[in-house]
Each structure stands twice: as structure tokens, then as C-alpha cells.
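Spelled out, the chains give:
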Amino acid sequence: REYCIKIINSGPKELIIQNINTFNDYTYGIWVENNRDFEQLLIKNNDFFNAETDFQNFTGTAITAVAATPIVTNNFEISENTMGTLTGSSQPRFGIRLAHFERARISENKIYFNFTSSPSNHYAGVSLQECNYARLNLNEVINVSSIFPATSNELLKGIDVLSSTNLRIENSTLNNLG
């Protein structure tokens, strides 16, 4: 299936996706696209397994939240989600991808990869584009392979940031990413 959950232009509503939802065999696990602030956006305590990707655009992303232009958010949180497995049998291409949401909070997520050599395409635990004042706290992005890739040619990143100012990354663990 392409989208497990797809929400477009819901307006200033409360969107809550939480409490152990399990997403399997997805191209996009959760896709939220809005052009104004939410009353609340909460994506919390969900599990994502077996991302499917053709390596085009951002396929294979567990959680995507995008807007056409920057939006100041006041109650936007992505927390306590698990993407991939510690055994390395499942991994996303991108764990969390945000574009144009200011003041987003991303905390206590676990994102696992399993690469014994450099990937041939771009992978990232968290990808932010124009997300000013975002706060990342207590996240884990880990390549669980015991064989550390000598180089990832910048294709395997824990946190990938583009044009985001006043970003705070605190108390996070990033291991074996090359």
C-alpha cells in the first residue's frame, strides 16, 4: 500500500495518531500535508516496519509532515515512535521528514538502520527542511550493524537539516552512521 494514513488540508484541527498503531509494508506510513497551523498535531507511540521504496523522492518514509510555505506551529509533536528494528530486519528510508513547520518538537523516537556497507541511496533518521526553532530531544538513530561502514558518502545520516535556523538538538544518540 502506498499510504497507511494520508491527511491533506485538514485545516486548524486536532490530529492525534497515537497508542501503538502498527504500520507495515508502507511507501509512506503517515503523510500529513497542511497549509495552516493545527490546533494540535500529535503522532506518538506508533511502530513502523518494512518500508517499501523505489528510491524516488521520499518513498519509504515512516512519518511525513509537509506544508507549501512555512507555518508557525504551537502544538506540534512527534514522539515515542519506533521505526525499524534492533535486529535490523526492517528499516525506513527516512524515519521522520518535516518541511516548513516551525517550532516542531521531535522527541524520544527510535530509528534503526542495518547497513554493513555504504548505502547506494540517501537515508536519514530525521530530515528537516525550513523547520526553524525545531527541537529534537532524546532521539536515537542507530545503524544496528556490528560492521561499521567505512564511509557512507553522506548517504546515511542521523539528522539531515536544510535551511533551518535556531534548531536545538539535545540528548540524542546517533551511532554507526558513517
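Because the structure is a prediction, the values reported are computed rather than measured.

Cut-offs applied
Residues numbered from 1 in each chain as written. Predicted model: local features only at pLDDT ≥ 70, side-chain atom pairs only at ≥ 80, totals over all residues. Heavy atoms only, no water. Core = buried A, V, L, I, M, F, W, Y, C linked by side-chain atoms within 4.5 Å. Buried < 20%, exposed > 50% of the residue type's maximum accessible area, 1.4 Å probe, protein only. Helix = DSSP H or I, 4+ residues; strand = E, 2+ residues; numbered from the N terminus. Contact = heavy atoms within 4.5 Å. Salt bridge = Lys/Arg side-chain N within 4 Å of Asp/Glu carboxyl O.

Some details on the nonpolar core
So, step 1. Ranked by size, the top nonpolar core spans 37 residues in total, and within it Phe76, Ile96 and Leu98 carry the most contacts.
So, step 2. Examining the composition of this core, we find that five residues originate from one element, strand S7 (residues 61-72), more than from any other.

Observations concerning the environment of glycine 158
So, step 1. Here glycine 158 lies in strand S16 (residues 156-162).
So, step 2. What makes glycine 158 buried here is its relative accessible area of 7%.
So, step 3. Glycine 158 sits 19 residues away from asparagine 139 along the chain, and the two C-alpha atoms are 9.8 Å apart.
So, step 4. Setting aside residues no more than four positions away along its own chain, glycine 158 makes contact with Ala124, Gly125, Val126, Val141, Leu174 and Leu177.

Things to note about the pattern of salt bridges
So, step 1. The final tally for this structure, using the stated rule, is five salt bridges.
So, step 2. Note that aspartate 160 is salt-bridged to lysine 157, the shortest N-O span being 3.5 Å.
So, step 3. Assessed through its relative accessible area of 16%, aspartate 160 is described here as buried.
So, step 4. Taking the shortest distance from any N to any O, the salt bridge between arginine 168 and glutamate 170 comes out at 2.6 Å.
So, step 5. Residue classification places arginine 168 among the partly exposed positions, given a relative accessible area of 45%.
So, step 6. Within this structure, Arg135, Arg168 and Glu170 form a network of salt bridges that share partners.

A few points about the side chain of serine 10
So, step 1. With respect to the helices, strands and loops of the structure, serine 10 is situated in the loop between strand S1 (3-8) and strand S2 (14-18).
So, step 2. A relative accessible area of 19% places serine 10 in the buried class.
So, step 3. Leave out the neighbours within four places in its chain, and serine 10 touches Leu15, Asn34 and Phe38.

Here we look at unusual backbone geometry
So, step 1. The residue tyrosine 133 is not glycine, and still its phi comes out positive at about 65°.
So, step 2. By the element assignment, tyrosine 133 lies in the loop between strand S13 (123-129) and strand S14 (135-137).
So, step 3. Take tyrosine 133: its relative accessible area is 44%, and that puts it in the partly exposed class.
So, step 4. The phi dihedral of serine 163 is positive, around 50°, even though this residue is not glycine.

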